[in-house]
Amino acid sequence: MSAGRRQTVPFALGAYFTGSATNGDAWRAPEEDIDADVEFERYRSYVASLERAGFHAIFLYDNVLPIADPTTLVRTPALARWDTFTLLAALAVTTTHIGLIGTASTTFNEPYNIARKVASLDRLSRGRAGWNVVTATGGGENFNLAAHMDHGARYERAHEFVDVVKGLWDSVDPLAFIRDKSSGVWLDPGKVHPLNHVGRFYQVAGPLNAPPPVQRPPVLAQAGASGPGKDLAARIGEVIYTAACDPDEARAYRLDVLDRAGRHGRDERHMRFLPGLAPIVASTESEARAKFERYLSYLDHDETLQAISSYSSLSQDLSLWPRHTPITLGAVAETNSHKSRQSLIVDWIERYRPTPDDILRTFTRGGHRLVVGTPSAIVDDMQGWYESGACDGFNIMFTSSPVGIDDFTRLVVPELRRRGLLQDGYGSRILRENLRIPSGRANDR
Ligand SMILES: Cc1cc2nc3c(=O)[nH]c(=O)nc-3n(C[C@H](O)[C@H](O)[C@H](O)COP(=O)(O)O)c2cc1C
């Protein structure tokens with residue numbers, strides 16, 4: 001099983017970052033960096049470590065939410081956030097092989113701008129750019145809307161948005177540029193193809209006024225998991241980020257999206273499913289447990305429970321629930337924001353009847369799975385998920401930086417290598433080639 005699987009869908013390792021001050025929830029721990037929102041050097045050194053360790057890509061989360069009440073931010077480093085593609089552009093010139101995947105929403109951007117940004121990043125990085133296509137969990141109030149756009153409408157626009165971006169990337173053949181001083185011919189107009197797109201939501205003439213991307217096309221990531229989210233993933237997603245706490249559910253999700261992808265002539269060779277994983281690792285089990293308790297001691301429990309309640313739209317604040325009493329959810333109003341995270345956490349609470357304390361011990365504030373243990377226990381977990389077809393790798397969400405990054409690269413990465421899951425070094429300087437994802441073009445199915 002594993003040898004064949006490794007041939008078709010090689011194990012992929014990504015690293016998740018927000019563009020703000022700290023990566024971990026326990027930001028008050030003495031060793032935790034707290035100034036990455038103003039010091040580029042922090043990101044430069046994190047990503048340099050990940051590149052030395054052979055991570056395929058980093059992924060920058062982003063949102064543009066309104067903050068009606070700044071008192072909700074008193075205890076969390078979330079407000080100041082680098083503009084995603086500006087930060088990635090800087091990282092493009094401090095790295096050589098690691099992929100650089102940034103989030104931009106199809107709800108609050110125009111396709112022309114995104115096509116240009118990602119194409120430019122792909123050139124700057126010599127073929128390592130990716131775009132995480134989101135419809136955004138909120139933010140309309142910052143973009144001329146009274147509220148967030150309806151979930152269904154967001155996804156309808158997203159399909160057309162991505163088609164336009166891909167069309168713009170194809171609108172200029174890189175060979176169009178003759179640049180011949182002797183003849184005075186700069187450009188071959190036969191290799192420039194205005195798009196002239198007229199659709200339901202967008203009217204875009206083109207051609208794209210940007211350096212042609214190196215990758216044909218740059219890698220597309222996607223992270224929605226509601227019905228419409230899965231349809232978008234199935235049609236355009238190449239790297240699929242998920243939150244999953246149970247391997248059976250992750251496997252069912254993967255098979256569901258692959259089934260939908262089949263209708264678009266796509267299969268598992270074209271997609272890498274990467275659930276989030278937040279590791280706390282140490283050489284011995286007891287050390288790892290002690291580290292975990294220390295992490296919990298620096299976590300603001302109320303704030304973390306409030307964040308999970310709000311991000312998962314639970315219709316109640318879990319921080320108000322007695323800390324050691326099993327939670328009973330009342331009626332949960334259907335959300336227009338993050339439908340899949342809502343159902344993930346609601347289902348989990350209904351199935352296991354956890355206490356708020358159990359939630360803190362199981363999930364990060366974003367609702368991703370915490371795993372505590374030795375390097376071999378953590379790799380057993382990862383390998384088990386991968387080999388059973390629950391995923392194609394992981395998106396590592398470090399519980400602290402820089403120490404959590406250092407722990408993972410020092411302890412877990414060598415074990416992943418020893419088991420042949422992760423290769424030594426990079427096979428290519430191009431992200432799509434390192435992930436071994438074909439472009440989907442006729443000559444590269
Ligand atoms: C790992 C992961 C990362 C995500 N990153 C972002 C992000 O950066 N910005 C955003 O607005 N939504 C992000 N999302 C949310 C989804 O893209 C999507 O907007 C959300 O799941 C709502 O869509 P759904 O109802 O189809 O699930 C992320 C989801 C996951 C699982």
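Residues numbered from 1 in each chain as written. Predicted model: local features only at pLDDT ≥ 70, side-chain atom pairs only at ≥ 80, totals over all residues. Heavy atoms only, no water.

**A short note on the site of the ligand**
Here is step 1 of the chain: Near the ligand there are 25 residues, and of these D62, Y155, S226, H338 and S340 occur at the shortest range.
Here is step 2 of the chain: At 2.8 Å from an oxygen atom of the ligand is found a side-chain nitrogen or oxygen belonging to H151.
Here is step 3 of the chain: Computed on the free molecule, the ligand has an accessible area of 610 Å², of which 98% lies beneath the protein chains in the complex.
Here is step 4 of the chain: Contributions of two or more residues to the shell around the ligand are made by β2 (57–61), β4 (129–134), α5 (151–169), β10 (239–242) and α10 (339–352).
Here is step 5 of the chain: Residues belonging to the shell around the ligand are distributed by class as follows: 10 nonpolar, 12 polar and three charged. (Near = heavy atom within 4 Å. Polar contact = N/O pair within 3.5 Å; in protein donor to acceptor, adjacent residues only side chain to side chain. Areas by Shrake-Rupley, 256 points an atom, 1.4 Å probe, with all protein chains shown as cover. Helix = DSSP H or I, 4+ residues; strand = E, 2+ residues; numbered from the N terminus. Nonpolar A, V, L, I, M, F, W, Y, C, P; charged D, E, K, R; others polar.)

**Describing the pattern of salt bridges**
Here is step 1 of the chain: Applying the stated criterion across every chain, the model contains 35 salt bridges.
Here is step 2 of the chain: Between K230 and D256 there is a salt bridge, with its nearest N and O atoms 2.9 Å apart. With K230 in helix α6 (residues 227–236) and D256 in helix α7 (residues 247–262), this residue pair connects regions lying 26 residues apart in the sequence.
Here is step 3 of the chain: Among the residues examined, K230 registers a relative accessible area of 15% and is labelled buried.
Here is step 4 of the chain: A salt bridge links R263 to D259; the shortest N-O distance between them is 3.5 Å.
Here is step 5 of the chain: Judged by relative accessible area, R263 falls into the exposed class, the value being 62%. (Salt bridge = Lys/Arg side-chain N within 4 Å of Asp/Glu carboxyl O. Buried < 20%, exposed > 50% of the residue type's maximum accessible area, 1.4 Å probe, protein only.)

**Let's talk about the packing of helix α2 (residues 40–53) against helix α3 (residues 84–94)**
Here is step 1 of the chain: Put simply, α2 and α3 touch, their axes get as near as 10 Å, and they point 50 degrees apart. Comparing the axis directions of α2 and α3 gives the class oblique. The interaxial crossing formed by α2 with α3 has right-handed handedness. For the pair formed by α2 and α3, the contact residues are F40, Y43, R44 and V47 on the first element and L87, A90, L91 and T94 on the second.
Here is step 2 of the chain: In terms of residue class, the contact of α2 with α3 is built from six nonpolar, one polar and one charged. (Axes fitted to C-alpha atoms, helices over the stretch in contact; angles between N-to-C directions. Parallel < 35°, antiparallel > 145°, perpendicular 65-115°, else oblique. Left-handed = near helix turned anticlockwise from the far one by under 90°. Contact = heavy atoms within 4.5 Å.)

**Thoughts on the pairing of strand β1 (residues 12–18)**
Looking down a regular strand, the side chains alternate between one sheet face and the other.
Here is step 1 of the chain: Extensive coverage of β1 is indicated by the burial of seven of its seven residues.
Here is step 2 of the chain: The sheet contact formed by β1 and strand β13 (residues 393–396) spans four bridges and is parallel. For A15, the partnering residue across the bridge sits in β13 and is I396.
Here is step 3 of the chain: Across five bridges, β1 lies against β2 in parallel orientation. Following the sheet pairing, A15 is matched in β2 by I58. (Pairing = 2+ DSSP bridges.)

**Comments concerning the UniProt feature "binding site: FMN" (unreviewed entry) in the chain**
Here is step 1 of the chain: Per the UniProt entry, the sites bearing "binding site: FMN" (unreviewed entry) are D62, T103, H151, Y155 and S226 in this numbering.
Here is step 2 of the chain: Following the sequence through the fold, T103 ends up in strand β3 (residues 99–105).
Here is step 3 of the chain: Look past the residues within four positions of T103 in its chain and what remains in contact with it is F59, L60, Y61, D62, T84, F85, N132 and V134.
Here is step 4 of the chain: From its side chain, T103 meets the backbone oxygen of L60 in a polar contact 2.7 Å long. (UniProt positions renumbered as here; feature names shortened; annotations may be inferred.)

**Some points on the side chain of Q383**
Here is step 1 of the chain: One can find Q383 in helix α12 (residues 375–387).
Here is step 2 of the chain: On the accessibility criterion, Q383 (16% relative accessible area) is buried.
Here is step 3 of the chain: Engagement of the side chain of Q383 in a polar contact is seen with the side chain of R419, the distance being 2.8 Å.
Here is step 4 of the chain: Those residues in contact with Q383 that lie beyond four places of it in its chain are R6, R419 and L421.

**A short note on the pairing of β3**
Here is step 1 of the chain: When you tally the buried positions in β3, you get seven out of seven residues, the bulk of the element.
Here is step 2 of the chain: Burial of β3 is two-sided: the residues G99, I101, T103 and S105 facing one way and the residues L100, G102 and A104 facing the other way are all buried.
Here is step 3 of the chain: As paired strands, β2 and β3 are joined by four bridges and run parallel to one another. Within β3, the residue paired with L60 across the bridge is G102.
Here is step 4 of the chain: Crossover handedness for the path β2 to α3 to β3: right-handed.
Here is step 5 of the chain: For the crossover from β3 across helix α4 (residues 111–124) to β4, the handedness is right-handed. (Right-handed = clockwise from strand over helix to strand, strands pointing away.)

**Re the environment of G138**
Here is step 1 of the chain: Here G138 is to be found in the loop between β4 and α5.
Here is step 2 of the chain: Judged by its relative accessible area of 8%, G138 falls in the buried class.
Here is step 3 of the chain: With 30 residues separating them along the chain, G138 and F108 place their C-alpha atoms 9.9 Å apart.
Here is step 4 of the chain: Residues in contact with G138, not counting those within four places in the same chain, are L65, F108 and H148.

**Focus on α12**
Here is step 1 of the chain: Under the 1.5 Å per step criterion, the end-to-end length of α12 is 18 Å for 13 residues, consistent within 8% with the ideal 18 Å.
Here is step 2 of the chain: For α12, every residue scored as buried is listed here: P375, I378, V379, M382, Q383, W385 and Y386. Down the axis, α12 shows its buried residues gathered within 160 degrees of arc, on one side only.
Here is step 3 of the chain: Of the residues trailing α12, G389 is marked for its positive phi of about 80 degrees. (Expected span 1.5 Å × (residues − 1). Arc of directions from axis to C-beta.)

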